[in-house]
Amino acid sequence: MCADFFPSPPPLEAARPGPSLRGRLAGLDRRVFEFAAGSNWPGAERVLPRLSRAANHGVLWFAIGGALAVSGSPRARRAAVRGIASLAVASATINTLGKRSVRRARPLLDPVPLARRLKRQPFTTSFPSGHSASAAAFATGVALESRGLGALVAPVAFSVAASRVYTGAHFPGDVVAGAALGVGAAFAVRGLVPTRDQMPSPGRPLVDDVPALPGGEGLVMVVNTKAGTPERVKALADALPRAEIVEFSDGDLAQVLQKAAPRARALGISGGDGSVNTAARVAMEHGLPLAVLPGGTLNHFAYDLGIEDAGDLVRAVQGGDAVAVDVGRFESSETSGIFLNTFSLGAYPELVHERERWSARLGGRLADVVAAVHVLRRDHPLEAELGGKKRKLWLLFAGNCTYRRMGLTAGRRADLADGLLDVRTVSGGRLPGVRLLAAAASGPLSRSPFHTATRMTRLHVAGIAPGTPLAYDGEVAPCGRELTVTKGHEELRVYRPLTIL
């Protein structure tokens, strides 16, 4: 009776598991996609589908990169190269790992209006979005090199990513994942090749005995017109209307600079490293600060100072911002001079000599190849006496201050006033090309079976064969039987912007 009065409870049903996290995210993704498909995007119908098609195979980004590359600005060229490199890494990652690891079907197009849909639907898997990855990679790469250019590219990249949802090609989650992968690719490239703002600031110590020149008043800028960068000179003249511009094309550059120096409060030079070397000698002779505007094939000194275009120099000149830098000096029985960048004996001077010999007949690029083949086919290295010991060398290099390297970038100087010579040698022997390449790959201040590097304040070389050429800042001169290389610590004052934009 008790059992009838208190009936047994019904058996419990087995609890059904709820949707997994992945399932909940997929559901949310579909709902957001359907909401976006049903929403009105003012003005997007004409723009976004076309923008999405333009970004196929990276065509849009290659076009923007090409425009940046031909703009004439070194910063824009670097931004273009970094953007394209980041895009390439992102695209390779998407095609080799991303699309194959998650085989997600494309969204159903039922909720997407016909006017929005792409004429040719993609056939690959949906996750992640390759267009979004490329857009984010390019825009991030550009922004890491130049925040201003990045701000211009970012809206285009965002629009391309949004167009993939608008046209029904991807779920929003595909776009977010692709964009994250693209940003990661750009930062991975930066890990291998650091950006300019990651490099240490080379100009120290700051000096306060250099005049500020509002409007460029007191600046006499000698321009080597053969350098072929008139747009930088025009930008400088527009920004500094009180500066005096003196054009030079033929004759003796040193004489032109000597005539300009007495009426100048600061001596300026626009040209390559060879022209800057000549201007530095004249500036030190007259006790003047030097203003450098890069304008030649090689502009290592200007770039190490942090000056790439007219804007950098204008800020420094008008603010009176300058640094003291070291000057390398060499002296032999045949010649003497200074160097702001590098000095060398062996393969490089001969390469420069052969290039000049062939350039008039073959042109610059082909002359470089012929000169390299000629030098590397030599069967006898330079014989010289270093530290009292006779040695056979393919190359003897002395840098004005220590060259360092970050990642895969070329060596540059973190301090232009460290009082040291960066001396490196490549020993003689078979296969000079292999030895020189191994020395270049091993990096500054490293040691290998072919390569030694050290730092010193004075270098003496004896037993040099007559007629041996030497090179300094891209120029070539004959060397005597004995040679001495020293340093002039903080001998030159040079304008340099306090901040690198």
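Residues numbered from 1 in each chain as written. Predicted model: local features only at pLDDT ≥ 70, side-chain atom pairs only at ≥ 80, totals over all residues. Heavy atoms only, no water.

(A) How the structure looks around the overall build of the protein chain. Within the protein chain, the regular secondary structure consists of 16 helices and 18 strands. By residue count, 48% of the 501 residues in the protein chain fall in the buried class. Across the protein chain, contacts joining residues at least 24 apart in sequence account for 75% of those joining residues at least 6 apart. For the protein chain, the accessible surface area stands at approximately 25,000 Å², while carbon and sulfur atoms represent 59% of it. (Helix = DSSP H or I, 4+ residues; strand = E, 2+ residues; numbered from the N terminus. Buried < 20%, exposed > 50% of the residue type's maximum accessible area, 1.4 Å probe, protein only. Contact = heavy atoms within 4.5 Å. Areas by Shrake-Rupley, 256 points an atom, 1.4 Å probe, with all protein chains shown as cover.)

(B) Layout of the pairing of strand β8 (residues 342-346). When you tally the buried positions in β8, you get four out of five residues, the bulk of the element. Alignment of β8 against strand β16 (residues 469-472), held across three bridges, turns out to be antiparallel. Across the sheet, L345 pairs through a bridge with L470, a residue of β16. (Pairing = 2+ DSSP bridges.)

(C) How the structure looks around the side chain of R424. Looking at where R424 falls in the secondary structure, it is placed in strand β13 (residues 421-427). Taking the relative accessible area as the measure of exposure, R424 reaches 17% and is therefore buried. Polar contacts involving the side chain of R424 include one to the side chain of D422, which spans 3.2 Å. (Polar contact = N/O pair within 3.5 Å; in protein donor to acceptor, adjacent residues only side chain to side chain.)

(D) Here's a closer look at the packing of aromatic side chains. Under the counting rule described, the total for this entry stands at six aromatic pairs. Between W41 and Y166, the aromatic rings sit 4.9 Å apart at their centres with planes inclined by 55 degrees, giving tilted as the arrangement. With a gap of 125 residues between them, W41 in the loop between α2 (21-38) and α3 (44-54) and Y166 in helix α7 (residues 147-166) connect regions that are remote in the sequence. Classification of W41 by relative accessible area gives partly exposed; the value is 24%. Accessibility expressed as a relative area gives 3% for Y166, which makes it buried. Note on F339 and F343: the rings are 5.8 Å apart at their centroids and 40 degrees apart in plane angle, and the pair reads as tilted. By way of ring pairs, the aromatic residues F330, F339, F343 and Y472 are connected into one cluster. (Phe/Tyr/Trp six-rings, centres within 6.5 Å; stacked < 30°, edge-to-face > 60°.)

(E) How the structure looks around the packing of helix α10 (residues 253-260) against helix α11 (residues 273-286). The contact between α10 and α11 brings their axes to 10 Å, and the two run at 35 degrees. The crossing of α10 and α11 is right-handed. For the pair formed by α10 and α11, the contact residues are L253, A254, L257 and Q258 on the first element and S275, T278, A279, V282, E285 and H286 on the second. The residue makeup of the contact of α10 with α11, split by class, is five nonpolar, four polar and one charged. (Axes fitted to C-alpha atoms, helices over the stretch in contact; angles between N-to-C directions. Left-handed = near helix turned anticlockwise from the far one by under 90°. Nonpolar A, V, L, I, M, F, W, Y, C, P; charged D, E, K, R; others polar.)

(F) A look at the side chain of D309. Positionally, D309 belongs in the loop between α12 (300-305) and α13 (310-319). D309 gets classed as buried once you look at its relative accessible area, which sits at 17%. Engagement of the side chain of D309 in a polar contact is seen with the side chain of R75, the distance being 3.2 Å. Within the structure, the side chain of D309 is placed 3.2 Å from the backbone nitrogen of D312, a separation counted as a polar contact. Every residue in contact with D309, bar those within four places of it in the chain, is listed here: S73, R75 and L293.

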